[in-house]
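Survey of secondary and tertiary structure
Residue strings, one per chain:
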Amino acid sequence: MGDSAPQQEAPVERPELDAPPSKQPPPFGRRLGSDEFAVHENFPMKVESPSVRLGRRGRAHYYPDVSDADWNDWRWQFRHRVTTLDELVRRLPSVGADRAAREQVLADFRMGITPYYLSLVDADDPDDPVLRQVAPLFEEHLYRAVGEEDPLAEEKFSPVPGITHRYPDRVLMVLSNNCAIYCRYCTRKRTMYEGATADVEIDRMVDYIARTPSVRDVVVSGGDPLNFATAKLDAILTKLRAIPHLEIIRIGTRVPVALPQRIDDELCEMLARHHPLWINVHFNHPRELTADAARACDKLSRAGIPLNNQAVLLKGVNDDVATIKALCHGLMKMRVRPYYLYQCDPVRGAEHFRTTVAKGLEIIEGLRGHTSGLAIPTYVIDAPGGGGKIPIQPQYLLDYDREKGRALVRNYQGNVYEYVEPRGAHDEVLVPTPSKESAPVRLAGSNGKSAETPATSNGNGNGNGNGNGKNGHGDERVVGKSKWVHRGSTRSERAARFEKPKG
Ligand code: SF4
């Protein structure tokens, strides 16, 4: 052996170190090429600008003889609501068609349109998106038997009349059956014919909240609470505020949309005495974002009240990306956060307003990445039968392999990326296994010594004390009365996670 050529050392197998560079995992992930993953079929996505009609509308068209004093007085606006078809036709002759059918639907659900809200309607557009929300339509007659009286089962979850208690920590309190305008798609239209809510009933609702300590948040809604006289609403809010466990009061209102004159200094000062108080407003279309509405929202904001918008996705009103985008951008300028975009509930007589879920997803898809996340509402389906709000969103997570610690995600442009989870995120999962022998212990401190050693940590009595949180064998440690097993894996196993995705 002496002359022979020096023998080469047998190569040491170091798979995790010797792997070719291309197989090394990227540090945090990477963008995948189109040969690795199909780019989403919806891309590139086109968003049209909303078309703006400049038809006849405004106070000068509908109410040319009304004085400023009357127009700006919310009581005048309320008293002069359009409630009959005769009056609506007189101001808006196009509504005269299909008169018999429209009269019939008014027998099912009453009409109420403030002069201010009517002034937003384009008199030359028979399909005007503002008008569709409040005027009886022929389609409503067609579908008058379709849908449910109480699609969200509010009555089923009602421990006392007027209260819906669906979630553990919050309740809905319906204060009245009276609104500035009556929306044809209203989920609660079944209640709009009941007489005014008696004080004793309101007291019963307050009493329920007072004796239910789990309730920390109440949504006061309607009918519209801001239709109450300021002093009366003050008295109700004062009773609610006296309940120690009630933290948050929220008011749901369409008054800033339909009767912005109502938001006066006296009301704002009163509301500010009941903080923390939030207001959910309900704008559905950018045409509703007028200077008067902006002024009303500004007053509420200056009273320290955070404003969130709850829009309803309505066919023929706002069921396109451009309209919702314009709405959300306008709301942001008014310091109103777009909060929810509701799928229209299957309420009786509103079938013509309902859209597909695909339409809602298309709208969210058209917003995400194309505008600030703050301007994107959460799209929700309020589950029929009382299941509560369920958020729906387009699929951005294409694949998630928990074992391999890898997620495939796509962005708003349809580009697909691989996101790699922290090394060992799943390897180092500590799995509790019952261990009768082990006594409670504290883990090793920084000085490498355990403050308290287990009586028997692994059955051999060597205890802890190696400073790495393990028991000396490097594979398990004991915490409390459970034995925690360290499920490790080799680097080569981890490297295998980053192989090219198939398909
Ligand atoms: S304002 Fe609200 S409660 Fe009143 S009719 Fe419209 S949606 Fe229903």
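First, a word on scope: everything that follows refers to the structure included in this document. Remember, predicted model here, so these are calculated numbers, not experimental data. (Residues numbered from 1 in each chain as written. Predicted model: local features only at pLDDT ≥ 70, side-chain atom pairs only at ≥ 80, totals over all residues. Heavy atoms only, no water.)

**Here's the deal with the overall build of the chain**
Using the following cut-off: Helical segments are the DSSP runs of H or I of at least four residues, strand segments are the runs of E of at least two, and each set is numbered from the N terminus. Accessible area is worked out with a 1.4 Å probe on protein chains only. A residue is then buried under 20% of its type maximum, exposed over 50%, and partly exposed in between. Contact criterion: two residues are considered in contact whenever any of their non-hydrogen atoms come within 4.5 Å of each other. Reported accessibility uses the Shrake-Rupley method at a 1.4 Å probe radius. Residues are deemed covered only where the shown protein chains occlude them.
Within the chain one finds 17 helices and 16 strands. For the chain, the residues scored as buried account for 47% of the 503 residues in total. Taking the contacts inside the chain whose residues are at least 6 apart along the sequence as the reference set, 75% of them involve residues at least 24 apart. As presented, the chain carries roughly 24800 Å² of accessible surface, and 52% of it is formed by carbon and sulfur atoms.

**Side note on the site of the ligand**
As a reminder, the rule being used: Only a single heavy atom is needed: when it lies within 4 Å of a molecule or strand, its residue is near that molecule or strand. Residues are grouped as follows: nonpolar covers Ala, Val, Leu, Ile, Met, Phe, Trp, Tyr, Cys and Pro; charged covers Asp, Glu, Lys and Arg; every other residue, Gly included, is treated as polar.
As a matter of local geometry, the ligand sits amid Cys179, Ile181, Tyr182, Cys183, Cys186, Met192, Gly222, Gly223, Arg254 and His282. For the shell around the ligand, a count of residues per class yields six nonpolar, three polar and one charged.

**Details of the packing of aromatic side chains**
What counts, and what does not: Between rings of Phe, Tyr and Trp, where Trp is taken as its six-membered ring, a pair exists when centres lie within 6.5 Å; planes separated by under 30 degrees are stacked, by over 60 edge-to-face, and by other angles tilted. Look at NZ for Lys and CZ for Arg. If either is within 6 Å of the ring centre and within 35 degrees of the ring normal, a charge sits over the ring.
Summed over the entire model, instances satisfying the criterion amount to seven aromatic pairs. An angle of 85 degrees between the planes, with centres 6.4 Å apart, marks the rings of Tyr63 and Trp76 as edge-to-face. Linking Tyr63 in the loop between helix 2 (59-62) and helix 3 (68-71) with Trp76 in helix 4 (residues 74-79), this pair joins segments that are 13 residues apart in sequence. Residue Trp76 is classed as buried on the basis of its relative accessible area of 7%. For the pair Tyr340 and Tyr342, a centre-to-centre distance of 5.4 Å together with 55 degrees between the ring planes defines the contact as tilted. Of the residues examined, Tyr340 reaches a relative accessible area of 16% and is grouped as buried. A cation over an aromatic ring shows up here: Arg81 above the ring of Phe78, its NZ or CZ 4.1 Å from the ring centre. The residue whose ring lies beneath Arg170 is Tyr167, and the NZ or CZ to ring-centre distance is 4.1 Å.

**Re helix 16 (residues 357-367)**
For helix 16, the complete set of buried residues consists of Gly360, Ile363, Ile364, Glu365, Gly366 and Leu367. For helix 16, the elements touching its buried residues are strand 7 (307-313), helix 15 (321-333), strand 8 (337-343), strand 9 (378-383) and strand 12 (406-410). Just downstream of helix 16 lies Gly369, where phi reads positive at about 90 degrees.

**A few points about the pattern of salt bridges**
Side chains that differ in charge, positive against negative, can pair when their charged atoms come close. Selection criterion: Any carboxyl oxygen of Asp or Glu within 4 Å of a side-chain nitrogen of Lys or Arg constitutes a salt bridge here.
Inspection of the entire model under this criterion finds 33 salt bridges. Through salt bridges with shared partners, one network takes in Asp150, Glu154, Glu155, Arg188 and Arg190.

**A look at the side chain of Gln310**
Worth spelling out the cut-off: Here a polar contact is recorded for every N or O atom pair within 3.5 Å, except that within protein the pair must consist of a potential hydrogen donor and a potential acceptor, and residues adjacent in sequence are included only if both atoms are side-chain atoms.
Its place among the elements puts Gln310 in strand 7. For Gln310, the side chain forms a polar contact with the side chain of Asn280, separated by 3.5 Å. Discounting chain neighbours no more than four positions away, the residues touching Gln310 are Asn280, Val281, His282, Phe283, Asn284, Tyr339, Tyr340 and Tyr342.

**Section: the sheet that holds strand 3 (residues 170-174)**
Put simply, the test is: For two strands to be treated as a pair, DSSP must find at least two bridges joining them. In this description, a line fitted to the C-alpha atoms serves as the axis of each element, helices being fitted only across the stretch in contact, and the angle between N-to-C directions of two axes falls anywhere from 0 to 180 degrees.
Taken in spatial order, the nine strands line up as 2-3-4-5-6-7-8-9-10 in an open sheet, and their pairing is mixed. This sheet does not close on itself; its edge strands, each paired only once, are strand 2 (163-167) and strand 10 (388-391). Pairs of neighbouring strands in the sheet enclose a mean axial angle of 25 degrees, with direction left out of account. Sheet analysis places strand 9 next to strand 10, joined by four bridges and oriented antiparallel. Bridge pairing links Asp382 to Lys389 in strand 10. Helix 16 rests against strand 7, strand 8 and strand 9 of the sheet, and its axis sits at about 160 degrees to strand 9.

**What to know about the packing of helix 11 (residues 230-241) against helix 13 (residues 265-272)**
Put simply, the rule reads: Comment on the angle field: the value is read as roughly parallel under 35 degrees, roughly antiparallel over 145, roughly perpendicular from 65 to 115, and oblique elsewhere.
With their axes 10 Å apart at the nearest point, helix 11 and helix 13 run at an angle of 5 degrees to one another. On the basis of the axis angle, helix 11 is roughly parallel to helix 13. On the side of helix 11, the interface is formed by Thr230, Leu233, Asp234 and Leu237, while helix 13 contributes Glu266, Leu267, Met270 and Leu271. When the residues that make up the contact of helix 11 with helix 13 are grouped by side-chain class, the tally is five nonpolar, one polar and two charged.

**What about the environment of Gly349?**
Its location among the elements puts Gly349 in the loop between strand 8 and helix 16. On the basis of relative accessible area, Gly349 is assigned to the buried category, the value being 5%. Once residues lying within four places of it in the same chain are set aside, the contact partners of Gly349 are Glu140, Tyr143, Arg144, Val146 and Lys189.

**Side note on the nonpolar core**
Here is the rule: Remark: nonpolar core denotes a set of buried residues (Ala, Val, Leu, Ile, Met, Phe, Trp, Tyr, Cys) joined through side-chain atoms within 4.5 Å.
Leu88, Met173, Ile209, Leu240, Leu271 and Phe283 are the most contacted members of the largest nonpolar core, which totals 99 residues. Each residue touching Leu88, except ones within four places of it in the same chain, is listed here: Val82, Val95, Met111, Ile113, Leu118, Ala135 and Pro136. Counting residues in each nonpolar core, the second largest holds five residues, with Phe109, Cys179, Cys186 and Met192 among its members.

**Let's talk about a nonpolar patch on the surface**
The test is simple: Candidate patch residues must exceed 30% relative accessible area and have no salt bridge, after which like charges are joined if within 9 Å and Val, Leu, Ile, Met, Phe, Trp or Tyr side chains if within 5 Å.
Taken together, the side chains of Phe138, Leu142, Tyr143 and Val146 define a hydrophobic patch exposed on the protein surface, amounting to about 340 Å² of accessible area. Within the secondary structure, Leu142 is located in helix 9 (residues 138-142). By relative accessible area, Leu142 is classed as exposed at 55%.

**Regarding the packing of helix 10 (residues 199-210) against helix 11**
What counts is decided by this rule: Left-handed describes a crossing whose near helix is turned anticlockwise from the far helix by less than a right angle; the clockwise case is right-handed.
Helix 11 packs onto helix 10 with a crossing angle of 25 degrees between their chain directions and a minimal axis gap of 10 Å. As far as their axial angle goes, helix 11 and helix 10 are roughly parallel. Of the two possible hands of crossing, helix 10 and helix 11 adopt the one that is right-handed. Contact residues: Asp199, Ile202, Asp203, Val206 and Ile209 in helix 10; Lys232, Ile236, Lys239 and Leu240 in helix 11. The class makeup of the residues in the contact of helix 10 with helix 11 is five nonpolar, no polar and four charged.

**A short note on the pairing of strand 13 (residues 416-420)**
Burial of the side chains of strand 13 is restricted to one face: Val416, Glu418 and Val420 are buried, whereas none of Tyr417 and Tyr419 on the reverse face is. In this structure, strand 12 lies alongside strand 13, joined through five bridges in antiparallel fashion. Its bridge partner being in strand 13, Ala407 is matched across the sheet by Tyr419. What sits between strand 12 and strand 13 in their antiparallel hairpin is a turn of five residues, with Gly414 showing a positive phi close to 90 degrees.

Everything listed here is a matter of coordinates, which is why it stays silent on function.
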